Amino acid sequence: MTGKLRLPPLNALRVFYAVAQHKSLRQAADELLVTPQAVGQQIKLLEDTLQVTLFERKGRSIELTESAILLSHYVKAGFEEFSEGVRRVTKSTYRDRINLNASPYFATHYLLPRLSLFREILPGADLRLTTMVDLPDFGRDDIDMTVQWGYGKWPDYDAVLLVKDPKIICCTPQIGEQIKSAQDLTKFTLLDTVKSLRLWPDILRHLSVEQAAGEGSIGFDDAATMRRATLQGIGIGLVSANDFEEDERAAALVAPIGRYALTNMKPEEVPGFYLVVPRGHLRVKAVAALHRWLINQDWASDLRVSPLPKPVPLQAETASSPGIPADDPKNNKIKNLNSGDVK
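Residues numbered from 1 in each chain as written. Predicted model: local features only at pLDDT ≥ 70, side-chain atom pairs only at ≥ 80, totals over all residues. Heavy atoms only, no water.

## Some words on the nonpolar core
Working step 1: By size, the foremost hydrophobic cluster in this structure holds 51 residues, and its most contacted members are Phe106 and Ile236.
Working step 2: Residues in contact with Ile236, not counting those within four places in the same chain, are Ile169, Cys170, Cys171, Ile175, Ile179, Leu185, Phe188, Thr189, Leu190, Leu191 and Trp200.
Working step 3: By size, the runner-up hydrophobic cluster in this structure holds 21 residues, among which are Ala12, Ala29, Val39 and Val75. (Core = buried A, V, L, I, M, F, W, Y, C linked by side-chain atoms within 4.5 Å. Buried < 20%, exposed > 50% of the residue type's maximum accessible area, 1.4 Å probe, protein only. Contact = heavy atoms within 4.5 Å.)

Structural data, given as structure tokens:
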């Protein structure tokens, strides 16, 4: 019968975690308020217990071995779970509070119209919503989970795609008149997002457009500011589908190379909104309930905008009114109106 795995001393793991973070025995000692010699003794104890080498000395610095890098991920996750558990049990007043963070765009366009639905399934929860463009510090900012725009690359956390955010290349009608092909896009300032360095490069590659080195762009922190800059004619913008529908109807923006020019991009090149959460946070019942609810929502339905009504040919109306037989006397009135006779 296999015996239960014997774990190393917790204090040795705590010291290892500090050294792995700082990559320095002295800095780890300063954080832990002990001597560098005491730190070295704990690292040796841990290496002897595990029978592996964790650090290699390179002059005055140290480098993590492959085993140390692997172990550090699990130790980091473990201490984060310890911290979360302590926070939950010591703050009894906030035990049922859920702190949800979201990007401003997702909060405004997707989340707010639906929050009342969540209140119906978990009425006792104290839900707090904050907005932030960048990924929050979950511990420092006291955040349970966040919805972030990007490509799902958060290796230290669980990330689940909620909805894709396909972009439409757009500009003012005045700029649009000067664009005859996709290559013409590079003649104007490309309005970009500072959250991703790959958005425009992926798009131009998809369109087989060569961009000369040094061609400038302007980066924006959030989608709303980029949209306003596009409306002001500062350059070529990338606007989400719902926003473009509204601006197109108002004749404020056009899609110079077609609104469906980017529909065939590779799935991994299309950004989206992801639900990001530290793994240990899902142990809390209320947090897990909100997590499930967010995942189960059909957020993509908010992208389905009703098409413009198709114009009805005048000849079709003069023949007969829909739903009225052709020989009905009411059709005589319709014919008279169409011919300009207002009797």
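## Here's the deal with the packing of helix α1 (residues 10-22) against helix α3 (residues 36-50)
Working step 1: At a minimum axis separation of 9 Å, α1 and α3 run at an interaxial angle of 110 degrees. One finds that α1 runs roughly perpendicular with respect to α3. The handedness of the crossing between α1 and α3 comes out as left-handed. Within the contact between the two elements, α1 uses Asn11, Ala12, Leu13, Val15, Phe16 and Val19 and α3 uses Val39, Gln42, Ile43 and Leu46. (Axes fitted to C-alpha atoms, helices over the stretch in contact; angles between N-to-C directions. Helix = DSSP H or I, 4+ residues; strand = E, 2+ residues; numbered from the N terminus. Parallel < 35°, antiparallel > 145°, perpendicular 65-115°, else oblique. Left-handed = near helix turned anticlockwise from the far one by under 90°.)

## What about helix α10 (residues 241-249)?
Working step 1: If you check which residues of α10 are buried, you get Ala241, Asp243, Phe244, Glu245 and Asp247.
Working step 2: Looking at the buried residues of α10, the elements they touch are α5 (104-111), β7 (167-170), α9 (223-231) and β10 (237-240).
Working step 3: Backbone geometry just after α10 places Ala251 at a positive phi near 60 degrees.

## Focus: the environment of His73
Working step 1: Note that His73 resides in helix α4 (residues 66-90).
Working step 2: As a C-alpha pair, His73 and Tyr17 span 56 residues in sequence and 9.3 Å in three-dimensional space.

## Here we look at unusual backbone geometry
Working step 1: Backbone geometry at Lys23 places phi at a positive 55 degrees, although glycine is not the residue there.
Working step 2: Inspection of the secondary structure puts Lys23 in the loop between α1 and α2 (25-32).
Working step 3: Classification of Lys23 as partly exposed rests on a relative accessible area of 47%.
Working step 4: Non-glycine residue Leu33 carries a positive phi angle of around 60 degrees.
Working step 5: If you trace the backbone, Leu33 turns up in the loop between α2 and α3.

As far as function goes, none of this settles anything; it's purely spatial.
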